[in-house]
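Secondary and tertiary structure notes
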Amino acid sequence: MMELEEIIKTMENKIDSDDFEVVMIDCMETVESDYNELSSIEPLLQMIERHPLTSFGSPGPIVHFVETFYKKGYEEKLISSLKRMPTVHTVWMLHRIINGTEHPEHYLSILKQISEDESYQKEIRDMALEFLSIHE
């Protein structure tokens, strides 16, 4: 059985290749069968953090996996990731949580903070701003 770190490294090695999506789907099938636990979310989010402008699908296999832990600890892991290094994909993931939340104020304040922090890349700030405008 491949270690989770090896699976993630396999995906990362293919991020800029034409077959990235196929490799990501295969790798995430392995994660779902062998590492279907809350503790697998953080290493996946850290991989996304290392590639802040990469598209990982819409929503993609990683999001499908992590969202199986919705209301079981996933939200806290995502917020920790956003505080370390927001990405276009994790900002979008936060937007998905906001859409399913009756009281999104806390999440909206995180979006606002990201949109105003000039240390983040413009694409990330703009995406946060776009989602903020939808929820105002």
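The structure under discussion appears in the preceding block.
Residues numbered from 1 in each chain as written. Predicted model: local features only at pLDDT ≥ 70, side-chain atom pairs only at ≥ 80, totals over all residues. Heavy atoms only, no water.

Across its 12 residues, helix H6 (residues 88-99) extends 17 Å between first and last C-alpha, which sits within 8% of the 16 Å expected from 1.5 Å per residue. The element H6 is largely enclosed, with a buried count of 10 among its 12 residues. Every buried residue belonging to H6 is among Val-88, His-89, Thr-90, Val-91, Trp-92, Met-93, Leu-94, His-95, Ile-97 and Ile-98, and all of these are buried. The secondary structure elements touched by the buried residues of H6 are helix H3 (41-49), helix H4 (61-66), helix H5 (74-84), helix H7 (105-116) and helix H8 (122-135). (Helix = DSSP H or I, 4+ residues; strand = E, 2+ residues; numbered from the N terminus. Expected span 1.5 Å × (residues − 1). Buried < 20%, exposed > 50% of the residue type's maximum accessible area, 1.4 Å probe, protein only. Contact = heavy atoms within 4.5 Å.)

Residue Pro-59 is bonded to the preceding Ser-58 through a cis peptide linkage, with omega at 5 degrees. Checked against the element boundaries, Pro-59 lands in the loop between H3 and H4.

On to the environment of Met-11, then. Within the secondary structure, Met-11 sits in helix H1 (residues 4-13). Taking C-alpha positions, Met-11 is 9.0 Å from Met-47, a pair spaced 36 residues apart along the chain. Aside from chain neighbours lying at most four places away, what touches Met-11 is Phe-20, Val-23, Met-24, Cys-27, Met-28, Leu-44 and Met-47.

Here the focus is the packing of aromatic side chains. The full count for this structure, using the stated rule, is 2 aromatic pairs. For the ring pair Phe-20 and Phe-56, a centre distance of 5.9 Å and an interplane angle of 75 degrees mean the geometry is edge-to-face. Here the residue Phe-20 occupies a position in helix H2 (residues 20-34), and Phe-56 occupies one in the loop between H3 and H4, the gap between them amounting to 36 residues. The same class applies to Phe-20 and to Phe-56, which are both buried. Taking 5.6 Å as the distance between ring centres and 70 degrees as the angle between the ring planes, the aromatic pair formed by Phe-65 and Phe-69 counts as edge-to-face. For Phe-69, a relative accessible area of 10% gives the class buried. (Phe/Tyr/Trp six-rings, centres within 6.5 Å; stacked < 30°, edge-to-face > 60°.)

A few words now on the side chain of Thr-87. Tracing the backbone shows Thr-87 in the loop between H5 and H6. Within the structure, Thr-87 has its side chain in polar contact with the backbone nitrogen of His-89 (distance 3.2 Å). (Polar contact = N/O pair within 3.5 Å; in protein donor to acceptor, adjacent residues only side chain to side chain.)

The subject of this paragraph is the pattern of salt bridges. Scanning the entire structure with this criterion turns up 8 salt bridges. With a shortest N-O distance of 2.9 Å, Glu-12 and Arg-50 are connected by a salt bridge. Taken together, the positions of Glu-12 in helix H1 and Arg-50 in the loop between H3 and H4 put the pair 38 residues apart, joining distant regions of the chain. Across the salt bridge formed by Arg-84 and Glu-49, the nearest N and O atoms sit 2.7 Å from each other. With Arg-84 in helix H5 and Glu-49 in helix H3, this pair connects stretches of sequence that are 35 residues apart. Take Arg-84: its relative accessible area is 36%, and that puts it in the partly exposed class. What you see here is one network of salt bridges that share partners, running through Glu-42, Glu-49, Lys-77 and Arg-84. (Salt bridge = Lys/Arg side-chain N within 4 Å of Asp/Glu carboxyl O.)

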